[in-house]
Amino acid sequence: MKDNRPVAFDPPTAYNTSMQTVEPISISMDSRRPLLEVAPDDLAAWLRERGQAPLRTRQLQRWIFDGRAVSFDQMSDLPKRLRDELAASFRLLGSDIARHLVSSDGTHKLLLRLRDGQVVECVLLREADRRTVCISTQVGCGMGCVFCASGIGGVVRNLTGGEILEQMLHARRLLPLDERLTHLVVMGMGEPLANFDALLEALAIASSPRGLGIGARHITVSTVGLPNRMRQFADLGKQYHLAVSLHAPNDELRNRIVPTNDKTGLAAILDAADYFQTKTGRQVTYEYVLLRDLNDLPPHAGELTKLLRGRQAHVNLIPFNDVEGLPYRRLTQQALEDFVAILRSGGVSAKVRKRKGADIDAACGQLRRAALTASELISVQGV
Ligand code: SF4
């Protein structure tokens, strides 16, 4: 009997892994819609108009999500004519890889070029049996956190659900065939909850057994704190994990580090985080980027302890690493150890996040910024 299951394709070997070269980025003049941006009902109608059975939709999904197909031509269990019609009407993926860097610790960073020539970053981390992809949800970011390269220049636009999902597909293609993505963190460029509908659309497919099959409990969404959205996120009834980027233990300091805080305030954010914890039963993680002499001093650790003590909270401490053009500096090892000790002695669970991909600018937004400032952008081809 003929085996019609999709065949997985080898990870590509032709990606550019150079950390030096800067190639021109071109805008695609291809007007075909990427398949992941076509609503399931529209695709079903398109197939019906061509006399195709509904099962074709499932076949297409299997080729994309199980089979790692990169062209319609590879979908050998679809009739040749249908493959040709699909290729004439749609692109399989709307984005492609503009840059691919590999760190000495095995971290991969991709700079993806979108259909309109904008670029976003995603990162693949390989640790023990975890394969984690970190994705972006916006081009740029409107939150303006002072230490972050992604926020410089503000937000350009939201990503579509398909563009969010495609980052996972590109990252997954870097894995050997016997490995799959096990974890997803939405901590790249952009404020995920400011692009709520597209985010949920992408997460639904990422966590579906018919999609990428990443367990909802292994999906973490990180926010600077949009209280209404945090509550809506809690109300979904999903097992997604929530991380709140705090970075300061009081409003006065947080207003300086996360400018949007002056409209929301810590109290409303913590209330919404408590609501999430009560509603879902899931512990909330608080992210805290440590900036030398700004928010890394013992009184800050003491205040943070008071703020979080008694809450079901875990703190991820992230020592800042220098970003060209920004005035902040990494804290000393002693200051880091003191900060951790104060939190722990106050009964707050805390961990220092290991830095991955240090040699490839893996911190959020740095690669995109390097590309933008290298002034190679943007040449239009095919006009
Ligand atoms: S840290 Fe996150 S929320 Fe803040 S500016 Fe950067 S991408 Fe936006």
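Residues numbered from 1 in each chain as written. Predicted model: local features only at pLDDT ≥ 70, side-chain atom pairs only at ≥ 80, totals over all residues.

Chemist: How do you make sense of the pairing of strand β6 (residues 119–127) when you look at a structure like this?
Modeler: In terms of burial, β6 is a largely internal element, 7 of the 9 residues being buried. For strand β5 (residues 108–113) and β6, the ladder comprises 6 bridges, and the chain directions are antiparallel. The residue of β6 that forms the bridge with L112 is V120. Two successive antiparallel strands, β5 and β6, enclose a turn made up of 5 residues, where G117 displays a positive phi of approximately 90 degrees. As paired elements, β6 and strand β7 (residues 130–134) share 5 bridges and run antiparallel to each other. Among the inter-strand pairings, R126 is bridged to a residue of β7, identified as R131. Linkage of β6 to β7, two consecutive antiparallel strands, is achieved through a turn of 2 residues, within which A128 is found at a positive phi near 45 degrees. (Buried ≥ 20, exposed ≤ 12 C-beta atoms within 10 Å, placed from the backbone. Helix = DSSP H or I, 4+ residues; strand = E, 2+ residues; numbered from the N terminus. Pairing = 2+ DSSP bridges.)

Chemist: I'm lost on the site of the ligand in this one. Help?
Modeler: Taken together, 12 residues sit near the ligand, with C141, M143, C145, C148 and G151 positioned nearest. Grouping the constituent residues of the shell around the ligand by class yields 7 nonpolar, 4 polar and 1 charged. (Near = placed C-beta within 6 Å. Nonpolar A, V, L, I, M, F, W, Y, C, P; charged D, E, K, R; others polar.)

Chemist: Before we go on, may I ask you to explain the nonpolar core in this structure?
Modeler: Here is a general trend for soluble globular proteins: nonpolar side chains tend to be buried in one another's company. Judged by nonpolar contacts, the single largest core of 90 residues is most densely connected at V133, M168, A206, M230 and V315. In terms of domain composition, this core takes at least three residues from each of domain 1 (33–92) and domain 2 (96–373). Excluding residues within four positions of it along the chain, V315 makes contact with Y286, Y288, L308, L343, V348, S349 and A350. (Core = buried A, V, L, I, M, F, W, Y, C linked by C-beta atoms within 7 Å. Domains from an automatic or database assignment. Contact = placed C-beta atoms within 7 Å.)

Chemist: I keep staring at the sheet that holds β6 and nothing clicks. Help me out?
Modeler: In sheet architecture, strand pairing relies on hydrogen bonds along the backbone and comes in two forms, parallel and antiparallel. Taken together, 10 strands build an open sheet; the order of strands is β4-β5-β6-β7-β10-β11-β12-β13-β14-β15 and the sheet is mixed. Only two strands of the sheet have a single partner each, and these edge strands are β4 (96–102) and β15 (349–352). Sheet twist, expressed as the average angle between the axes of neighbouring strands with direction ignored, equals 20 degrees. Relative to strand β14 (residues 313–319), strand β13 (residues 284–290) runs parallel, the two being bridged by 7 bridges. (Axes fitted to C-alpha atoms, helices over the stretch in contact; angles between N-to-C directions.)

Chemist: Looking at this structure, I do not really get unusual backbone geometry. What am I missing?
Modeler: The phi angle of most residues is negative, glycine excepted, and most peptide bonds adopt the trans form. With a phi angle near 60 degrees, R68 is a residue other than glycine that sits in the positive phi range. Take R68: it is sitting in the loop between α2 (55–66) and α3 (80–89). A residue is classified by how many C-beta atoms lie within 10 Å of it, and R68, with 20 of them, is buried. Of note, the phi angle at H247 is positive, near 65 degrees, even though the residue is not glycine. Note that H247 resides in the loop between β12 (241–245) and α7 (251–257). By the C-beta count within 10 Å, which is 26 here, H247 ends up buried.

Chemist: Would you take a moment to explain helix α4 (residues 161–172) for this structure?
Modeler: What sets the pattern is the α-helix's 3.6 residues per turn: residues three or four places apart point alike. An ideal rise of 1.5 Å per residue puts 16 Å on 12 residues; α4 measures up with 17 Å between its terminal C-alpha atoms. α4 sits mainly inside the fold: 11 of its 12 residues count as buried. For α4, the set of buried residues is G161, G162, E163, I164, L165, E166, Q167, M168, L169, H170 and A171. (Expected span 1.5 Å × (residues − 1).)

Chemist: Can you walk me through the packing of helix α6 (residues 227–235) against helix α9 (residues 266–280) in this structure?
Modeler: Any two packed helices are characterised by how steeply their axes cross, that is the angle between the axes, and by the distance between the axes. Between α6 and α9, the least distance of the axes is 9 Å, while the angle of their chain directions is 0 degrees. Considered as vectors, α6 and α9 are oriented roughly parallel to each other. Here P227, M230, R231, F233, A234 and D235 of α6 lie close against α9, whose contacting residues are A268, I269, D271, A272, A273, Y275, F276, K279 and T280. (Parallel < 35°, antiparallel > 145°, perpendicular 65-115°, else oblique.)

Chemist: Any chance you could explain α2 here in plain terms?
Modeler: With 12 residues, α2 should reach 16 Å at 1.5 Å per residue; the first-to-last C-alpha distance of 16 Å fits that figure. Among all positions in α2, only R56, L60, W63, I64 and F65 are buried. In this structure, the buried side of α2 is in contact with α1 (40–49). One or two residues past the end of α2 sits R68, with phi positive at roughly 60 degrees.

Chemist: Looking at this structure, I do not really get the packing of helix α10 (residues 298–308) against helix α11 (residues 333–345). What am I missing?
Modeler: Relative orientation of the contacting elements α10 and α11 amounts to 25 degrees, with a least axis distance of 9 Å. Of the possible angle classes, the one that applies to α10 and α11 is roughly parallel. Considering how the two elements wind past one another, α10 and α11 form a crossing that is right-handed. Contact residues: P298, A301, G302, L304 and T305 in α10; D338, F339, I342 and L343 in α11. Residue composition of the contact of α10 with α11, grouped by class: 6 nonpolar, 2 polar and 1 charged. (Left-handed = near helix turned anticlockwise from the far one by under 90°.)

Chemist: What's the story with the environment of R33 in this structure? I'm lost.
Modeler: Relative to the elements of secondary structure, R33 occurs in strand β2 (residues 33–34). Distance in space between the C-alpha atoms of R33 and L92 is 8.5 Å, their sequence separation being 59 residues. For R33, the residues in contact, after removing those within four places along its chain, are V38 and F90.

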